[in-house]
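What follows is the residue order along each chain.
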Amino acid sequence: MITTVTIFIPLLGALLMMLLPKEFEERRVRAIAAAVAAVPLALALYVYFVYRHDLGAPALTQNVTWVSSLNIGYRVGLDGIGFGMFLLTALLTLIAVVAAWDVRRNLRQYFALLFVAEVGMLGVFAAQDLVLFYVFFELTLLPMYLLVGAWGDENRRAAAIKFFLYTFLGSTIMLAGFLAFGILAGSFSFSTLEGGGGLSRAAQVAVAAPIVLGLLIKVPAVPLHGWLLDVYLSSPTSTNVVLSGILPKLGTYGLLRVAIPLLPQGVHPFLPYIAILAVVNILYGAFVGFMQPDLKALVSYSSLATLGFILLGASAVNTVGYNGAVLQQFTHGLYSALLFVVVGIFQARTGTREISQLGGLVGRMPWAASLFAIGSLAAMGLPGLAVFSSEFMTLLGGYDAHPVQAVLAALGIVTGAFYFLYMLARVIFGPIKNPAYEAIQDATPLEMTAIFPLAALLVLIGFFPGLLVVVQHHAVQSVLTVIGGG
Amino acid sequence: MPYSAESLVALLPEIIGAVFLLVVLMVGVFLPGSVRVVGGLAAAGAAAVFAAATWMFASGFHGTFFGGGYVVDGFALYFELLVAGCAFFTVVACLGWARSAGDATEYLVLILSVMLGATLLVSMRDLFGVFLALELSTIPSYALVAFDRRRRESPEGAMKYIITGAVASSVLLYGIVLIYGTTGSASLPDVAKTFSGPQQPAALLGLLLLISGFAFKVSAAPFHFWTPDAYQGAPATAAAFLSVAPKMATFAVFLRVLTEGAPGEAPVWTAVLAVIAIVTMFAGNLPALRQTNVRRMLAYSSVAHSGYVLTAFAAWQGNARAEAVQAVMIYAAAYAVMNLGAFLVVDIVGEEAKSFNGLVRTRPGLAASMFVFMAALVGIPPLSGFWGKLWVILSGAGSGSVLTYVTVGALVVSTVISVPYYFGIVRGMLLEEPVSSEVVKKGEPAGLRLAVHTLAFLTFVFFVGIAPLSAVARAAGML
């Protein structure tokens, strides 16, 4: 019950936003939205503190048969693999609400759409039924299309439709796979389908192919990433938080929780190729990111690289790699949200995102610049910050399963460190390039409330990754047991 | 016993429909200018047909009548409900227009006669009966298309529609005659016997001609060229009605003719229809991308949706037969609410794509409803169109035939192709500035507005009804 309530509270929030009187002043709208967004977070934290040791199998479940003849049901529950993302969704939505300071027009509609998207995202991470998973998956599509298309920059409309077409193509392909799977297995429930649902090996491969392809488009894995840059660049800061923090995880989570556990034999032949794609993501993201003159584009490509590590860990299908991949989903969300928000702050202050135009920001805005540095150091995998442990685990696991790919992926850490340090040197250190920057102010208390918790969590989880591993490792273990991995 | 009292009960919805048709005609003649009264009577007629069919459905009434040529079963009643429901919304929506056009009675009578023909059609189990009922629903629809004499496109569209329609009818009739000639009977069970025996070229040719004739009627490629002109020319409410009610009834009887009349030739016709389905989807979606006129766009979109329904026809094999029938039924309902609604919005806003620009500023409620229709036509969950497509894909996936898998693949691809044109409207409504404030007609009739919002609501809450609907379809679909 608490699962369902948490998923659908944002929907009530969306209705509330639409019902607020027009003449309400902006500050109160923002405050109410933040209060609404805090509720799912509070509930998720409650679940964390009470149930964090008991999420090996889906807990807090709810089963309502929807279409009995096809065995489709409203089945939700929280398990260790999904719960981290469930919690992160609630957290980042709150951050996105706080960070919506650059959204000036139609604020109520903006928050309403954000909340509808949150319903979809929370639902995906709690769904225990293929059709329901798909329904929630798609529920994020329309709000995100509108968030980008209506509140983005001048390129927003082209970006929004590109985003829509790519991801809709992916999800429709995935749906065809889901339906074939459900029909052949006679059920759409995760618990029945686990381990292949009784399908032969060949049937599993045939069904897994469209599912994996659809999920990889969502991530996106590199040759399928055509929408990414336009969309990330066009979006307002607060949309970026969700867009990079949560949405790619719909794809990776689909691999970790749906494709691999439910179709182990079907996915197996694709695993080396997923690992190759992971390497491509990592190296391509690093090299192209290095070339970017635009700070936001650099962060976007670095995000692509970090997602590659999740794919690598998933493709390893062993305890270390899988745990690393699940954890990396969380840590990537933290650092990319942090970087995007700070880039937004920089842009608001300086009026530019060109790396060559920026410089010396640490002198003028020490707090924002330091937190940006923490995010960047985390992104390159500095020990002591959250991404290090997860990335390291994916590499260790990956090395066991696909040594060549893992070695190449490790190169990505070096290149990542190189271009992040080079970027930091130009953006926050060095001389102040533009005399106008002398007058800029540091992050306001409101801005700090959006970025400080993220930086703090990066440090906290960097030192105590166990805080999250404790939630997930039983679930990971049970997945690996089901599929006979190790 | 061909003419028992029971056979009168079997005809109850049709009798009620015919009575109301005559009453509306008479009242219109003797009380000219009383649009409110005739409109109310017409709406009551559609509602009464709906109620009668509901009662028969609920009481489990079924059987074959009139020498086996007429059948009442869940499948037929389901489509009668659908047709009557669509007619009701159309009547409610068209009153304002009909009043201003000055021929309200004639317009309503035509709608009721299309409804009558369509309700008869779904119960026919005799090829000649099928032909007659089909013409009964088609001939008034020619007049409906030509009805708007103030617009040049209206007679033009009607002319194309009549000519192609007449050719289609002849082709259909020729097919029926060939089958009758080899079988010696036009009753579907007898026809089935012929087709399950040794193959007879003449009968097979008849079957192919029959399929071609039906393909014309449901605007399947390559026989769909009349559709954009007819839907563009027709009054918007007529286009709305014609694109759903008679079309779905024709699909229903088409499916009945194939599954009851030629199950033995299923490998042939599923293959033919798979190919037609694939061609139809692309013949609808690709030209739709280029349209700036929303009516033509929706006409091409309805062609594409015919292709999606035919995908379920192609899936009628192996273990997926029941699912295929269910898919057609569920798709019909899902399509009816969303497409009817979309056409009615066009009636309010205008047919130029530009006139939708900035609609969310000027008419937020209307924009929200249109958004629901467009997203549903794409097939985004949890809206109605998604469930239709879901069942079609399910039946295709269960059919076990490679050609059907290809057809389902084509459905997936063409669904994605369709996104830009549906979302062109959405983008215009939500993301563009209004062209000018005067293109927004305020003060459309309350009935029209009510119909639009009710249909949007039904499109939206379809997911609540999908479980009972699928149960009904399952029970009714056991042909």
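What you see is a predicted model; the values in this text were computed from it and never measured.

Colleague: Now, about the overall build of chain A: what can you tell me, with residues and values included?
Modeller: Per the secondary structure count, chain A includes 22 helices and two strands. In terms of overall dimensions, chain A is globule-like: its C-alpha atoms have a radius of gyration of 21 Å, near the 23 Å expected for 486 residues. Seen along its three principal axes, the alpha-carbon backbone of chain A occupies a region of about 70 × 55 × 45 Å. Residue burial in chain A is summarised as follows: out of 486 residues, 65% are buried. Sequence separation of at least 24 residues holds for 81% of the intrachain contacts in chain A that already meet a minimum separation of 6. Accessible surface, chain A as shown: approximately 15,400 Å² in total, 68% of it carbon and sulfur. Separation of charge centres in chain A, based on 22 positive and 20 negative side chains, amounts to 4 Å.

Colleague: Mind laying out the layout of surface pockets, listing which residues take part and the relevant values?
Modeller: Residues and elements named next belong to chain B. Considered as a void within the structure, the second largest pocket measures approximately 540 Å³ in volume. Along the wall of the second largest pocket there are 22 residues; nearest its centre are F50, L82, A333, V337 and L469. Put simply, the parts of the chain that give the lining of the second largest pocket at least two residues each are helix 3 (35-58), helix 4 (74-101), helix 14 (321-349), helix 19 (446-460) and helix 20 (462-476). Residues belonging to the lining of the second largest pocket are distributed by class as follows: 19 nonpolar, three polar and no charged.

Colleague: Before we move on, can you summarise the interface of chain B and chain A with the specific residues and values?
Modeller: Contact with chain B, which involves 30 residues of that partner, is made by 30 residues of chain A. Buried surface at the junction of chain B and chain A, both sides included, amounts to about 2,800 Å², of which 84% is carbon and sulfur. For chain B, the biggest contributors to the area lost against chain A are B:L394, B:V416 and B:L431; these three give 21% of the whole. The tally of links between chain B and chain A comes to one salt bridge. Between B:E432 and A:R157 there is a salt bridge whose closest N-O contact spans 3.8 Å.

Colleague: Report on the packing of helix 16 (residues 364-378) of chain B against helix 18 (residues 402-431) of chain B, specifying residues and quantitative values.
Modeller: All names here are of chain B. Remark: helix 16 packs on helix 18, axes separated minimally by 9 Å, with the N-to-C direction vectors making an angle of 170°. If you check the angle between helix 16 and helix 18, you find them roughly antiparallel. Along the contact surface, helix 16 presents A367, M370, F371, M374, L377 and V378, while helix 18 presents T415, V419, Y422, F423, I425, V426, M429 and L430.

Colleague: So what about the confidence of the model for chain B? Which residues, and what values?
Modeller: Should pLDDT be low for a region, the predicted coordinates there are not to be read in detail. For chain B, the average pLDDT comes to 90, and 97% of its residues sit at 70 or higher. Interface scoring of the predicted complex returns ipTM 0.85; its pTM is 0.90.

Colleague: Provide a residue-level description of the packing of aromatic side chains, including the pertinent values.
Modeller: Residues and elements named next belong to chain A. Overall, the coordinates contain 48 aromatic pairs over all chains when judged by the stated rule. A ring pair is formed by Y110 and W151, whose centres lie 5.2 Å apart and whose planes are at 80°; its orientation type is edge-to-face. Separated by 41 residues along the polypeptide, Y110 in helix 4 (residues 107-126) and W151 in helix 6 (residues 141-151) bring together distant segments of the chain. Here Y110 and W151 have matching classes, each one buried. Members of the aromatic cluster, joined through ring pairs, are F125, F133, F137, F178, F190 and Y253. Above the plane of the ring of F24 lies R28, whose end atom (NZ or CZ) is 4.3 Å from the centre.

Colleague: Please give an account of helix 6 (residues 127-145) of chain B that cites residues and values.
Modeller: Residues and elements named next belong to chain B. Its 19 residues place the ends of helix 6 27 Å apart at the C-alpha level, agreeing with the 27 Å of an ideal helix rising 1.5 Å per residue. Of all 19 residues making up helix 6, 14 are buried, and the element is well covered by its neighbours. A distance of 2.9 Å separates the backbone nitrogen of F128 from a side-chain oxygen at the start of helix 6, and that oxygen is part of D126.

Colleague: Help me get a handle on the pairing of strand 1 (residues 59-67) of chain A, residues and values and all.
Modeller: Residue and element names in this part refer to chain A. As defined by bridge partners, strand 1 adjoins strand 2 (residues 72-78) across six bridges and the pair is classed as antiparallel. In the strand pairing of strand 2, T65 is matched with G73. Joining the antiparallel neighbours strand 1 and strand 2 is a turn of four residues, in which N71 adopts a positive phi near 60°.

Colleague: Which residues make up a nonpolar patch on the surface, and what values do they have?
Modeller: Residue and element names in this part refer to chain B. On the surface, L22, L25, M26, V29, F30 and L31 cluster together into a nonpolar patch covering about 590 Å² of accessible area. With respect to the element layout, M26 can be found in helix 2 (residues 12-30). For M26, a relative accessible area of 41% translates into the label partly exposed.

Criteria and thresholds
- Residues numbered from 1 in each chain as written.
- Chains lettered and ligands numbered in written order.
- Predicted model: local features only at pLDDT ≥ 70, side-chain atom pairs only at ≥ 80, totals over all residues.
- Heavy atoms only, no water.
- Helix = DSSP H or I, 4+ residues; strand = E, 2+ residues; numbered from the N terminus.
- Rg over C-alpha atoms; globule rule 2.2 N^0.38 Å.
- Buried < 20%, exposed > 50% of the residue type's maximum accessible area, 1.4 Å probe, protein only.
- Contact = heavy atoms within 4.5 Å.
- Areas by Shrake-Rupley, 256 points an atom, 1.4 Å probe, with all protein chains shown as cover.
- Lys, Arg positive; Asp, Glu negative; His and termini not counted.
- Charge placed at Lys NZ, Arg CZ, Asp CG, Glu CD.
- 1 Å grid on protein atoms, 1.4 Å probe; cavity = no way out; pocket = protein on both sides within 12 Å on 5 of 7 lines; lining within 4 Å.
- Points joined across faces, edges and corners; volume = space filled by probe spheres on them.
- Nonpolar A, V, L, I, M, F, W, Y, C, P; charged D, E, K, R; others polar.
- Buried area = accessible area lost by both parts, 1.4 Å probe.
- Salt bridge = Lys/Arg side-chain N within 4 Å of Asp/Glu carboxyl O.
- Axes fitted to C-alpha atoms, helices over the stretch in contact; angles between N-to-C directions.
- Parallel < 35°, antiparallel > 145°, perpendicular 65-115°, else oblique.
- pLDDT = per-residue confidence, 0-100.
- Phe/Tyr/Trp six-rings, centres within 6.5 Å; stacked < 30°, edge-to-face > 60°.
- Lys NZ or Arg CZ within 6 Å of the ring centre and 35° of its normal.
- Expected span 1.5 Å × (residues − 1).
- Polar contact = N/O pair within 3.5 Å; in protein donor to acceptor, adjacent residues only side chain to side chain.
- Pairing = 2+ DSSP bridges.
- Patch = residues over 30% accessible without salt bridge, like charges linked within 9 Å, V, L, I, M, F, W, Y side chains within 5 Å.

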